[in-house]
Amino acid sequence: MKIMSKFLIFALIFSLVIIGLVSYYLEKSINKEVEKAILQGYRGTSSVQAQLKINWFKGGLKGNIESFKITIDDWTHNNWKINNFEGHFKNVKINWGQLYSKKRLVIEKIEQGNIKMVIDENNLNDALSHYYRGFTVKLNEKGISINLRINLLGYEFATSVHGQLKPGRGAEIYFVPEKIDIAQSSIPESFRKELLQKVKIPLSLEKTPFTFQVTTVKIMQDKIIITGKV
């Protein structure tokens, strides 16, 4: 009986070790597949680090993920290049079939999460050039300035509009103008106010693999930092 008991204990410990090792290496394999899917799906992205925590006894086989952390550098998405993206999500569901058969990251559900992204001045200017021609953006700790040329009564003027970036709906941020400078002109104040309203510009970060709500936008000397929640 003692020998049998010892054997059963050994077999149980051995089984738990094997299960732990299989789970560990399976998670590492899935991490790599997620990283490959993002690099393949977003051409130009330089590096991805994914860290998934899966409870195989609580829906892991169905794609349920307890914790999903991800860091992406130079995330190139359509007209945007995000210098750095960080996301931490809980209770996520991934489509295993899409991930392994088509190498696509399809996120079907996120219960909650937080994101942070950094976009420098060069990448911000490059993105805006696809939507608004003739714009150049300058960043400083006091806010953002947009330099452009406007046509008034048949005359063209160099103009600088100063303001802030504010959260909009979903993955959208707004340029909210506060002051306008029109070179070599004495424009009536009422007309300046009208022009300010016309340059309240929405900037959409476009659809990512998940939807999120921008919560804050911080303007630094040469970059903007956007935080959000899912």
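Just above sits the structure.
Below is a summary of the structure that appears in this document. (Residues numbered from 1 in each chain as written. Predicted model: local features only at pLDDT ≥ 70, side-chain atom pairs only at ≥ 80, totals over all residues. Heavy atoms only, no water.)

**Re helix H3 (residues 121-128)**
- The buried count for H3 comes to six of eight residues, which makes it a mostly enclosed element.
- Turning to H3, its buried residues are Glu121, Asn123, Leu124, Asn125, Ala127 and Leu128.
- Sitting at the amino-terminal end of H3 is Asp120, which places a side-chain oxygen 3.2 Å from the backbone nitrogen of Asn122. (Buried < 20%, exposed > 50% of the residue type's maximum accessible area, 1.4 Å probe, protein only. Helix = DSSP H or I, 4+ residues; strand = E, 2+ residues; numbered from the N terminus. Polar contact = N/O pair within 3.5 Å; in protein donor to acceptor, adjacent residues only side chain to side chain.)

**Topic: the pattern of salt bridges**
- Per the counting criterion, the structure on display carries four salt bridges.
- Its salt-bridge partner being Glu35, residue Lys32 comes within 3.9 Å of it at the nearest N-O pair. Highlighted residues: Lys32 and Glu35, both in helix H1 (residues 2-41), separated by three residues, approximately one helical turn.
- We classify Glu35 as buried; its relative accessible area is 13%.
- We note a salt bridge from Lys138 to Glu121, for which the minimum N-O separation is 3.6 Å. (Salt bridge = Lys/Arg side-chain N within 4 Å of Asp/Glu carboxyl O.)

**A word on the sheet that holds strand S1 (residues 47-53)**
- Read from one edge of the open sheet, six strands run S1-S2-S3-S4-S11-S10, paired in antiparallel fashion. Only two strands of the sheet have a single neighbouring strand rather than two, namely S1 and strand S10 (213-219). Neighbour-to-neighbour, the strand axes of this sheet turn through a mean angle of 15°, independent of strand direction.
- The sheet contact formed by strand S4 (residues 107-120) and strand S11 (residues 223-229) spans seven bridges and is antiparallel. For Asn114, the partnering residue across the bridge sits in S11 and is Lys229.
- Sitting on the sheet, H3 is in contact with strand S3 (80-94), S4 and S11, with an inclination near 110° to S4. (Pairing = 2+ DSSP bridges. Axes fitted to C-alpha atoms, helices over the stretch in contact; angles between N-to-C directions. Contact = heavy atoms within 4.5 Å.)

**Concerning the packing of aromatic side chains**
- In the structure shown here, the tally under the stated rule is three aromatic pairs.
- Ring geometry for Trp75 and Phe85: centres 4.8 Å apart, planes at 75°, overall edge-to-face. Of this pair, Trp75 sits in strand S2 (residues 64-77) while Phe85 sits in strand S3, and the two are 10 residues apart along the sequence. Here Trp75 matches Phe85 in class, with each residue buried. (Phe/Tyr/Trp six-rings, centres within 6.5 Å; stacked < 30°, edge-to-face > 60°.)

**Side note on unusual backbone geometry**
- One non-glycine residue, Asn78, lies in the positive phi region at around 55°.
- Relative to the assigned elements, Asn78 resides in the loop between S2 and S3.
- One non-glycine residue, Asn91, lies in the positive phi region at around 50°.
- On the secondary structure map, Asn91 appears in strand S3.

**Considering the side chain of Ser67**
- Positionally, Ser67 belongs in strand S2.
- By relative accessible area, which is 16% here, Ser67 ends up buried.
- Beyond its immediate stretch of four places on either side in the chain, Ser67 contacts Gln51, Leu52, Lys53, His88 and Phe89.

**Focus on the environment of Ala127**
- In this fold, Ala127 is placed in helix H3.
- Placed 46 residues apart in sequence, Ala127 and Lys81 show a C-alpha to C-alpha distance of 7.5 Å.
- Those residues in contact with Ala127, other than ones at most four positions away along the chain, are Asn79 and Trp80.

**A few points about the side chain of Ser145**
- Among the structural elements, Ser145 can be located in strand S6 (residues 143-152).
- Given the relative accessible area of 10%, Ser145 is considered buried.
- Engagement of the side chain of Ser145 in a polar contact is seen with the side chain of His162, the distance being 2.7 Å.
- When sequence neighbours within four positions are dropped, the list of residues in contact with Ser145 reads Thr136, Val137, Lys138, Val161 and His162.

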